[in-house]
Amino acid sequence: FASSLMSAVARLIAASYGYKGLQVVSASSSKLRVGRIVDVTSDGEVTVRWQSTGVVERFQRDQDGLYSLRVLSSAATVTHDACACDNCYMMPMKGARWSCCVCHNYDLCTKCYCRGEHDVS
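This write-up is about the structure you can find in this document. (Residues numbered from 1 in each chain as written. Predicted model: local features only at pLDDT ≥ 70, side-chain atom pairs only at ≥ 80, totals over all residues. Heavy atoms only, no water.)

Let's talk about unusual backbone geometry
Of note, the amide linkage connecting methionine 91 to proline 92 takes the cis form, showing an omega dihedral of -5°. You can see proline 92 is positioned in the loop between β6 (79–80) and β7 (93–94). Notably, tyrosine 89 is not glycine yet its phi reads approximately 65°, a positive angle. With respect to the helices and strands, the residue tyrosine 89 is situated in the loop between β6 and β7. Residue classification places tyrosine 89 among the exposed residues on the basis of a relative accessible area of 62%. (Helix = DSSP H or I, 4+ residues; strand = E, 2+ residues; numbered from the N terminus. Buried < 20%, exposed > 50% of the residue type's maximum accessible area, 1.4 Å probe, protein only.)

Next up, the structure:
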């Protein structure tokens, strides 16, 4: 799940320079940090400005070609009445519904997705 989504994020960020402003979450920190992409260089380096501190940080792909960033959805007003988070059991699920590409019928709420609560390895 995480690696599939991280790969999609890497392709999304690396394939286009038009993703400035995309809201992301750091996947490498125990504390969730929300920021916005402020620059993407031609070699794929991504610059993020963290909302809480204003600090700018640069990210490069790891050995697998992935970034330690996750896309944060802006779908906060969506409610999935017939769906529960398979980690925290929130029902109805509010916000984005993150479906695993590997496991059958496995969904996470945004909070659990951002914390990397589902490992398919």
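Structural notes on the packing of aromatic side chains
Per the counting criterion, the structure on display carries 2 aromatic pairs. A ring pair is formed by tryptophan 50 and phenylalanine 59, whose centres lie 6.1 Å apart and whose planes are at 80°; its orientation type is edge-to-face. For phenylalanine 59, a relative accessible area of 6% gives the class buried. When the centroid spacing of 3.8 Å and the interplanar angle of 10° are considered together, the rings of tryptophan 98 and tyrosine 113 count as stacked. Of this pair, tryptophan 98 sits in strand β8 (residues 98–99) while tyrosine 113 sits in helix α2 (residues 110–114); the two residues are 15 residues apart in sequence, bridging distant segments of the chain. In this pair, the class of tryptophan 98 matches that of tyrosine 113, namely buried. A cation sits over an aromatic face here: arginine 33 above tryptophan 50, 4.2 Å from the ring centre. (Phe/Tyr/Trp six-rings, centres within 6.5 Å; stacked < 30°, edge-to-face > 60°. Lys NZ or Arg CZ within 6 Å of the ring centre and 35° of its normal.)

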